[in-house]
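Spelled out from the first residue to the last, the chains are:
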Amino acid sequence: MSCILNIETSTEVCSVAVSQDGANIFHIEDLEGPSHAAKLGTFVDEALSFTDNHAIPFDAVAVSCGPGSYTGLRIGVSMAKGICYARNLHLLAIPTLEILCVPLLLGNEELPEDALLCPMIDARRMEVYSAVYDNALNDVVPVGAYVIDEHTFSDLLDNRRIVFSGNGSTKCKDVIKHRNAIFVEGIVPLATDMLALAERAFRNGQFEDVAYFEPFYLKEFVASLPKKLL
């Protein structure tokens, strides 16, 4: 059996969840942020108290590893590392863009058959941090920082439907007007959407070096701008 503490702080949302064998047994979140510095410690204390009171030992801590807010990721990763050191736990890094795909893959939203998934995190002007995945979360377009215009994804969209989500997709809705473009609003990265990804990483032994791990800050993608997708 595995028990994993999941921490998500990559955007303005702050959330924590506890999973046991991939099932959610505790969660708490704040959608009104950014308030990570004020909220995360309290959320983690509540999660630790819950597991301690139920005599459930943790096996790992999973943290959303970006791309995302520099401040948010620093707070989340620092907290995750501290818990790993204190309790001698494994550290798991879960890509934020994959987390954004989970509500679609789990059927929280109707997903067209054979559609591609394009989660987007907002950046300045018409820039987004994005990737394109198939429904097995294999890369079709790699993670990076991209400038969006009316021709973005045109080659893919001519043959496949693409479902856009995340806070970066809102500003793209009036620019990408292809008939095969589908925009789903209201999806934000949450710790409760990390559970299956964290469980898979744990079972595959995809552990990070606690001492040297760093998240994928948005600034690391700046060198790729300006860049067009397809």
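Caption draft 1: Quick peek at the overall build of the chain. Scanning the chain for helices and strands turns up five helices and ten strands. What you see for the chain is a C-alpha radius of gyration of 18 Å, in line with the 17 Å of a compact globule of 230 residues. Every one of the 230 residues in the chain was classed for burial, and the buried ones make up 53%. Sequence separation of at least 24 residues holds for 66% of the intrachain contacts in the chain that already meet a minimum separation of 6. Summed over all atoms, the accessible surface of the chain reaches about 10500 Å², with 49% contributed by carbon and sulfur. Between the centroid of the 17 positive side chains of the chain and the centroid of its 31 negative side chains there is a distance of 6 Å.

Caption draft 2: Region of interest: the side chain of Asp193. Relative to the helices and strands, Asp193 is located in the loop between β10 (181-183) and α5 (195-203). Excluding residues that lie within four positions of it along the chain, Asp193 makes contacts with Ile99, Val102, Pro103 and Val188.

Caption draft 3: Here's a closer look at unusual backbone geometry. With an omega of 5°, the peptide bond between Gly66 and Pro67 qualifies as cis. Residue placement: Pro67 occurs in the loop between β4 (60-64) and α2 (70-87). One non-glycine residue, Asp114, lies in positive phi territory at about 65°. With respect to the helices and strands, the residue Asp114 is situated in the loop between α3 (96-105) and β6 (116-122).

Caption draft 4: Geometry of the nonpolar core. Core analysis: the largest hydrophobic core is formed by 31 residues, its most contacted members being Ile4, Ala62, Leu92 and Ile94. Among the elements that line this core, the one with the most residues is α3, at six residues. What Ile94 contacts, discounting residues up to four positions off in sequence, is Ala62, Val63, Ser64, Cys65, Ile99, Met194, Leu197, Ala198 and Ala201. In terms of nonpolar packing, the next biggest core, distinct from the first, is built from 27 residues, Cys14, Leu48, Phe58 and Ala93 among them.

Caption draft 5: How the structure looks around the sheet that holds β10. Spatial strand order, β8-β7-β6-β9-β10: five strands in an open sheet with mixed pairing. Each having just a single partner strand, β8 (139-147) and β10 make up the two edges of the open sheet. The average angle at which neighbouring strand axes cross in this sheet is 20°, direction not considered. Against the sheet, α3 engages β6, β7 (127-133), β8 and β9 (162-165), with an angle of about 130° to β6.

Analysis parameters
Residues numbered from 1 in each chain as written. Predicted model: local features only at pLDDT ≥ 70, side-chain atom pairs only at ≥ 80, totals over all residues. Heavy atoms only, no water. Helix = DSSP H or I, 4+ residues; strand = E, 2+ residues; numbered from the N terminus. Rg over C-alpha atoms; globule rule 2.2 N^0.38 Å. Buried < 20%, exposed > 50% of the residue type's maximum accessible area, 1.4 Å probe, protein only. Contact = heavy atoms within 4.5 Å. Areas by Shrake-Rupley, 256 points an atom, 1.4 Å probe, with all protein chains shown as cover. Lys, Arg positive; Asp, Glu negative; His and termini not counted. Charge placed at Lys NZ, Arg CZ, Asp CG, Glu CD. Core = buried A, V, L, I, M, F, W, Y, C linked by side-chain atoms within 4.5 Å. Pairing = 2+ DSSP bridges. Axes fitted to C-alpha atoms, helices over the stretch in contact; angles between N-to-C directions.

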